[in-house]
Amino acid sequence: MTLTTIERHIIDEERRHGPTSGTLTNLLHDIAVAAKVISREVRRAGLNDIIGATGDVNVQGEVVQKLDIYANDLLSGYLSHSGRVCAIGSEEDPEPLLVEPSRAGKYVVNMDPLDGSGNIAVNASIGTIFSILPKKSTGNATAADCMQAGRHQVAAGYVMYGSSTVLVYSTGLGVYGFTLDPTVGEFVLSHTKIRYPQRCKFYSVNEGNSAYWDTNTRRYVDWCKQIDPDTHRPYGHRYIGAMVADFHRNMLEGGVFLYPKDNKDAGMSHGKLRLLFEANPMAYLADQAGGAATTGTERILEIEPTDLHQRVPVVVGNTAEVERYERFSRES
Ligand code: P6P
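Everything numeric here is computed off the predicted structure, so don't read it as measured data.

Procedures and definitions
- Each chain has its residues counted from 1, following the order in which its sequence is written.
- With pLDDT at 70 or above as the cut-off, local features in this predicted model cover only qualifying residues; side-chain atom pairs require 80 or more to be listed or tallied, and sums for whole chains, interfaces and linings still use all residues.
- Side-chain descriptors were evaluated using all non-hydrogen atoms of the structure, hydrogens and water having been removed beforehand.
- For every residue, the accessible area obtained with a 1.4 Å probe (protein chains only) is divided by the maximum for its type, and the residue is called buried under 20%, exposed over 50%, and partly exposed between those limits.
- Elements are defined by DSSP. Helices are runs of H or I of four residues or more, strands are runs of E of two residues or more, and each kind is numbered from the N terminus.
- Only strands joined by at least two bridges in the DSSP assignment are considered to pair.
- Reported domain spans reflect what an automatic or database domain assignment gives.
- Note on definitions: a residue-residue contact is assigned when non-hydrogen atoms from the two residues lie within 4.5 Å.
- Take the accessible area each of two parts loses on contact, using a 1.4 Å probe, and add the two losses: that sum is the buried area.
- Take a side-chain nitrogen of Lys or Arg and a carboxyl oxygen of Asp or Glu: if they are within 4 Å of each other, that pair is a salt bridge.
- The near set for a molecule or strand comprises every residue that places at least one heavy atom within 4 Å of it.
- Pairs of N or O atoms are called polar contacts if they sit within 3.5 Å, as long as, within protein, a hydrogen donor faces a hydrogen acceptor (for residues adjacent in sequence, only side-chain-to-side-chain pairs).
- Surface accessibility in these figures is a Shrake-Rupley result with a 1.4 Å probe; residues are shielded only by whichever protein chains are displayed.
- Side-chain classes follow a simple rule in which Ala, Val, Leu, Ile, Met, Phe, Trp, Tyr, Cys and Pro form the nonpolar group, Asp, Glu, Lys and Arg form the charged group, and the remainder, Gly included, forms the polar group.
- Axis angles are defined between N-to-C directions and span 0 to 180 degrees, where every axis is a line fitted to C-alpha atoms and, for a helix, only to the segment in contact.
- Note on terminology: angles under 35 degrees are roughly parallel, angles over 145 are roughly antiparallel, angles of 65 to 115 are roughly perpendicular, and the others are oblique.

1. What to know about the pairing of strand 3 (residues 85-90)
Along strand 3, 6 of the 6 residues are buried, which leaves the element largely enclosed by surrounding structure. With 5 bridges joining them, strand 3 and strand 5 (residues 107-115) adopt parallel strand pairing. Bridge pairing links G89 to N110 in strand 5. Sheet topology places strand 3 next to strand 4 (residues 97-98); 2 bridges connect them, and they run antiparallel. Note on strand 4: the bridge partner recorded for I88 is L97. The turn linking strand 3 back onto strand 4 is made up of 6 residues.

Structure representation (structure tokens):
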């Protein structure tokens, strides 16, 4: 039985890309190391007083969990000293961290250091999401380096802290998953070239917001719930409250995740999820796995960012479902 660790896989992929500096390889390795440390803390959160809220509110207006800060500080500190990164955009920080030019590298990392942190206190799945872009400015890095359309990503991935810790990533050559073996402290290849199944089995959306949805969302979700054996409907409904977990299940089993815009909260009239830290990396992975991601009127990867913390509506999963939602949006 061949044991393929993430370190070995990353190097094999580097060779598939042809001659490179190896910087992206090293950056992905750095992220895997940080993920192991965060996983350890997540698994111990209930024991070492880093569960619960700090009492602060972040730039998103969300209550900050202690683990949010731990993960953000760890990733920012570790990656900014790696020599691979020139700027780090984080859901937790108002402005990007711009690395000291003498230590700056050629990549930008945008991240949600701990996605779904509201699930921590109830021991439900949470995750880390990362997006890697090439530095585009010619001089010292600026915030503009973080604000590039998702089609420019060179890699993206997530770590899901669930019943096991799984790191899923792509550098444009397909999507691969690695499960952390805590007995040896290695991420071991467990999912090769993940592809969305042809059939959609699940839809994931917060039905509690249905009274605030636009017509297109209501029509699509009602369609998912209609009885039609020929199209295997009604689809099952699964919603964990952490995008990483819902996205992961849907990519493996077949499904569509929606966080549409709604008129519940004026501050979220464009949806809740952040373009740079959640939507773009997940859209990149979905595309690499044969799926798609849309706002309803625009593909996520084509959006030109206008703000670091810009929110967008997100519908991501099986391409047929994404296209169906887009049809409902056009008709509405
Ligand atoms: P709601 C977590 O806060 C998050 O950003 C996503 O991971 C998740 O899918 C969504 O928000 C959950 O939001 O409003 O349904 O609790």
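So much for the structure itself; the text now carries on.
2. Details of the domain arrangement of the chain
When cut into domains, the chain gives domain 1 (6-191) and domain 2 (202-330). Between the C-alpha centres of domain 1 and domain 2 the distance comes to 23 Å. With 46 residues of domain 1 at the interface, the matching set in domain 2 holds 32 residues. Between domain 1 and domain 2, the buried area comes to about 2,900 Å², and carbon and sulfur atoms account for 61% of it.

3. Observations regarding the pattern of salt bridges
For the structure on display, the rule yields 20 salt bridges. The salt bridge partner of K201 is E253, with a shortest N-O separation of 3.5 Å. Of this pair, K201 sits in the loop between strand 10 (186-191) and strand 11 (202-204) while E253 sits in helix 5 (residues 243-253), and the two are 52 residues apart along the sequence. On the basis of relative accessibility, which here comes to 33%, the residue K201 falls in the partly exposed class. Judged by relative accessible area, E253 falls into the partly exposed class, the value being 37%.

4. Section: unusual backbone geometry
Put simply, R233 and P234 share a cis peptide bond, and its omega is 5°. By the secondary structure assignment, P234 is in the loop between helix 4 (215-225) and strand 12 (236-237). A positive phi angle, near 45°, is found at K193, a position not held by glycine. Here K193 is to be found in the loop between strand 10 and strand 11.

5. Description of the pairing of strand 8 (residues 165-170)
Burial of strand 8 is extensive: 6 of the 6 residues sit out of reach of the surface. Going residue by residue along strand 8, you find T165, L167 and Y169 tucked away on one face and V166, V168 and S170 tucked away on the opposite face as well. One ladder, built from 6 bridges, connects strand 7 (residues 155-161) with strand 8; its direction is antiparallel. Directly across from M160, in strand 8, lies its bridge partner V166. Counted along the chain from strand 7 to the antiparallel partner strand 8, the turn is 3 residues long. With 4 bridges joining them, strand 8 and strand 9 (residues 176-181) adopt antiparallel strand pairing. In the strand pairing of strand 9, L167 is matched with F178. What sits between strand 8 and strand 9 in their antiparallel hairpin is a turn of 5 residues, with G172 showing a positive phi close to 100°.

6. Thoughts on the site of the ligand
The full set close to the ligand counts 13 residues, and D115, N206, Y239, M243 and Y259 are the nearest of them. Here an oxygen atom of the ligand sits 2.7 Å away from a polar atom, N or O, in the main chain of M243. Side-chain polar atom of E278 to an oxygen atom of the ligand: 3.0 Å apart, as the coordinates give it. Protein contact buries 80% of the 400 Å² of open area that the ligand shows by itself. Grouping the amino acids of the shell around the ligand by side-chain chemistry returns 6 nonpolar, 3 polar and 4 charged.

7. Some points on the packing of helix 5 against helix 6 (residues 275-288)
Where helix 5 meets helix 6, the closest approach of the two axes is 12 Å, and the angle between their N-to-C directions is 10°. Taken together, the axis directions place helix 5 and helix 6 in an arrangement best described as roughly parallel. Residues M243, V244 and F247 of helix 5 touch helix 6, and the partners they reach there are E278, M282, L285 and A286. Its residues placed into classes, the contact of helix 5 with helix 6 shows 6 nonpolar, no polar and 1 charged.

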